[in-house]
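Here is what each chain is made of, one letter per residue.
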Amino acid sequence: MSYFPEHVFVELFTIVGGQETWTNIAGDIVSPIKCNLGFSDGDPLSRLAPGSDMRFDLDNIDSAYDPSTSFYKGQKIRLRIQYGSFIKTKFFGYIDHIGLDVGTWGARQAHVVCIDWLALAAKTPVRALPSLTNTTIDAAVRYLLTQMQIQPEATDFEIGEVILPSVFDQITTNSTIYSELQNLVMGEFGYIYMRDGG
């Protein structure tokens with residue numbers, strides 16, 4: 001038996017009257033919603049999931065989706081799918097880019113690119129992080145996360161079984177949070193990935 005979504009929600013995190021809320025903007029989307037999510041290559045050496053992204057275009061004829069205090073880069077966004085009474089979050093992330101058409105040669109639209117936390121980590125450089133010795137991956141990841149201004153919505157760590165003799169001792173000017181996560185996960189040969197809720 002096949003199941004097809006009954007409803008698709010693309011929701012922006014906003015604060016209205018001091019109250020946190022999620023606002024559904026799916027009715028203004030005028031393109032297919034395209035997502036690249038998680039592991040896809042089947043390579044047993046792929047232990048750190050790639051960053052995910054979501055892309056779509058919005059009807060912006062009334063300039064409602066020009067960058068503003070209610071629609072901005074870094075804003076939380078999620079994609080949820082409803083099957084009957086069951087609702088599942090398929091993507092959680094942040095607006096990374098808003099490209100505007102002026103409408104000279106066609107419809108006035110806002111082209112939106114969203115990324116998840118791992119993709120954000122790939123853009124975040126590591127700065128002045130002292131090395132650690134004789135530690136486990138879970139402790140090292142917690143330590144590394146102190147470098148991130150935006151934290152994951154939640155974390156769930158297994159206790160590392162391998163004692164790593166030295167970590168963060170080869171950081172360069174090109175090092176990112178993501179590249180250091182890659183180094184850590186290969187030391188333990190575990191997995192690091194995002195769950196659908198961020």
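Note: the structure precedes this text.
Not measured: the values here are computed from a predicted model.

### Description of the packing of helix H2 (residues 137-145) against helix H3 (residues 177-188)
Inference 1: Orientation of H2 relative to H3, taken along the N-to-C sense of each, is 175 degrees, at an axis distance of 10 Å. Classified by the angle their axes make, H2 and H3 are roughly antiparallel. Of H3, the residues touching H2 (which contributes Ile137, Ala140, Val141 and Leu144) are Ile177, Glu180, Leu181, Leu184, Val185 and Glu188.
Inference 2: When the residues that make up the contact of H2 with H3 are grouped by side-chain class, the tally is eight nonpolar, no polar and two charged.

### A few points about the layout of surface pockets
Inference 1: Computed from the structure, the largest pocket encloses a volume of approximately 710 Å³.
Inference 2: Taken together, 24 residues make up the lining of the largest pocket; nearest its centre are Asp156, Phe157, Tyr191, Ile192 and Tyr193.
Inference 3: Elements with a contribution of two residues or more to the lining of the largest pocket: helix H1 (117-122), H2 and H3.
Inference 4: The element that contributes the greatest number of residues to the lining of the largest pocket is H2, accounting for four residues.
Inference 5: For the lining of the largest pocket, a count of residues per class yields 14 nonpolar, five polar and five charged.

### So, the sheet that holds strand E3 (residues 34-36)
Inference 1: The sheet built from seven strands is open, its strands ordered E2-E1-E5-E6-E7-E4-E3 with antiparallel pairing. Two strands in the sheet have a free side with no partner beyond their single neighbour: strand E2 (19-24) and E3. Going across the sheet, the axis of each strand differs from the next one's by a mean of 30 degrees, ignoring polarity.

### Re H2
Inference 1: Among the residues of H2, Ile137, Asp138, Ala140, Val141, Leu144 and Leu145 are the ones counted as buried. Projected down its long axis, H2 shows its buried positions confined to an angular sector of 160 degrees, all on one face.
Inference 2: Of the surrounding secondary structure, the elements contacted by the buried residues of H2 are H1, strand E8 (132-135), strand E9 (164-167) and H3.

About the cut-offs
Residues numbered from 1 in each chain as written. Predicted model: local features only at pLDDT ≥ 70, side-chain atom pairs only at ≥ 80, totals over all residues. Heavy atoms only, no water. Axes fitted to C-alpha atoms, helices over the stretch in contact; angles between N-to-C directions. Helix = DSSP H or I, 4+ residues; strand = E, 2+ residues; numbered from the N terminus. Parallel < 35°, antiparallel > 145°, perpendicular 65-115°, else oblique. Contact = heavy atoms within 4.5 Å. Nonpolar A, V, L, I, M, F, W, Y, C, P; charged D, E, K, R; others polar. 1 Å grid on protein atoms, 1.4 Å probe; cavity = no way out; pocket = protein on both sides within 12 Å on 5 of 7 lines; lining within 4 Å. Points joined across faces, edges and corners; volume = space filled by probe spheres on them. Pairing = 2+ DSSP bridges. Buried < 20%, exposed > 50% of the residue type's maximum accessible area, 1.4 Å probe, protein only. Arc of directions from axis to C-beta.

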